[in-house]
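# Commentary on secondary and tertiary structure
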Amino acid sequence: QVQLVESGGGLVQPGGSLRLSCAASLGIFNIFIMGWYRQSPGKERELVARIFSSGSATYADSVTGRFTISRDNAKNTVLLQMNSLKPEDTAVYYCNIRPRPGSTIEYWGQGTQVTVSS
């Protein structure tokens, strides 16, 4: 049973920072893709950032320059450092992993709420 345990969400003022963490209990290392998605009420879930086992990363245009994704392969952990937060970043953030290249099998975390408000 694969589990993704997320932490780090909360309430922050505009311009503030938060760091999200996701630890995957998976009996393999070098997970192919680890990433974060978010969903706000009335909107579809969208990709925020993802990082490949090679270390290369991609970001949504809306967070480029403000968010940084990183990973610790030894611990199967992915982090999302969020700076200069805006009210429009308010959403439930979900961790996602795709363990193997060429496979569509993926796993999701339970979600963590991020609220940006004064």
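These notes cover the structure that comes with them. (Residues numbered from 1 in each chain as written. Predicted model: local features only at pLDDT ≥ 70, side-chain atom pairs only at ≥ 80, totals over all residues. Heavy atoms only, no water.)

## Quick notes on the overall build of the protein chain
When helices and strands are counted, the protein chain shows zero helices and eleven strands. In the protein chain, the order of α-helices and β-strands from amino to carboxyl end is β-β-β-β-β-β-β-β-β-β-β. Projecting the C-alpha coordinates of the protein chain onto the three principal axes gives extents of approximately 40 × 25 × 25 Å. Counting the 118 residues in the protein chain, one finds 40% classified as buried. Long-range pairs, those at least 24 residues apart, make up 55% of the contacts in the protein chain with a sequence separation of at least 6. Accessible surface for the protein chain amounts to roughly 6300 Å². Of this, 49% is attributable to carbon and sulfur atoms. Treating the 11 positive side-chain charges of the protein chain as one cloud and the 8 negative ones as another, the clouds have centres 5 Å apart. (Helix = DSSP H or I, 4+ residues; strand = E, 2+ residues; numbered from the N terminus. Buried < 20%, exposed > 50% of the residue type's maximum accessible area, 1.4 Å probe, protein only. Contact = heavy atoms within 4.5 Å. Areas by Shrake-Rupley, 256 points an atom, 1.4 Å probe, with all protein chains shown as cover. Lys, Arg positive; Asp, Glu negative; His and termini not counted. Charge placed at Lys NZ, Arg CZ, Asp CG, Glu CD.)

## Description of the sheet that holds strand β1 (residues 3-7)
Across the sheet, four strands lie side by side as β1-β3-β8-β7; this open sheet has antiparallel pairing. Lying at the two open borders of the sheet, with one neighbouring strand each, are β1 and β7 (67-72). When strand polarity is set aside, the average angle formed by the axes of neighbouring strands in this sheet is 15°. Taken together, the five bridges between β1 and strand β3 (residues 18-25) define a ladder with antiparallel strand orientation. Note that in β3 the partner of V5 across the bridge is A23. (Pairing = 2+ DSSP bridges. Axes fitted to C-alpha atoms, helices over the stretch in contact; angles between N-to-C directions.)

## Focus on the environment of S25
When you line up the elements, S25 lands in strand β3. The exposure class of S25 is partly exposed, given its relative accessible area of 38%. Separated by 20 residues in the primary sequence, S25 and V5 have C-alpha atoms spaced 8.2 Å apart. Those residues in contact with S25, other than ones at most four positions away along the chain, are Q1, V2 and Q3.

Just distances and angles here, no functional claims.
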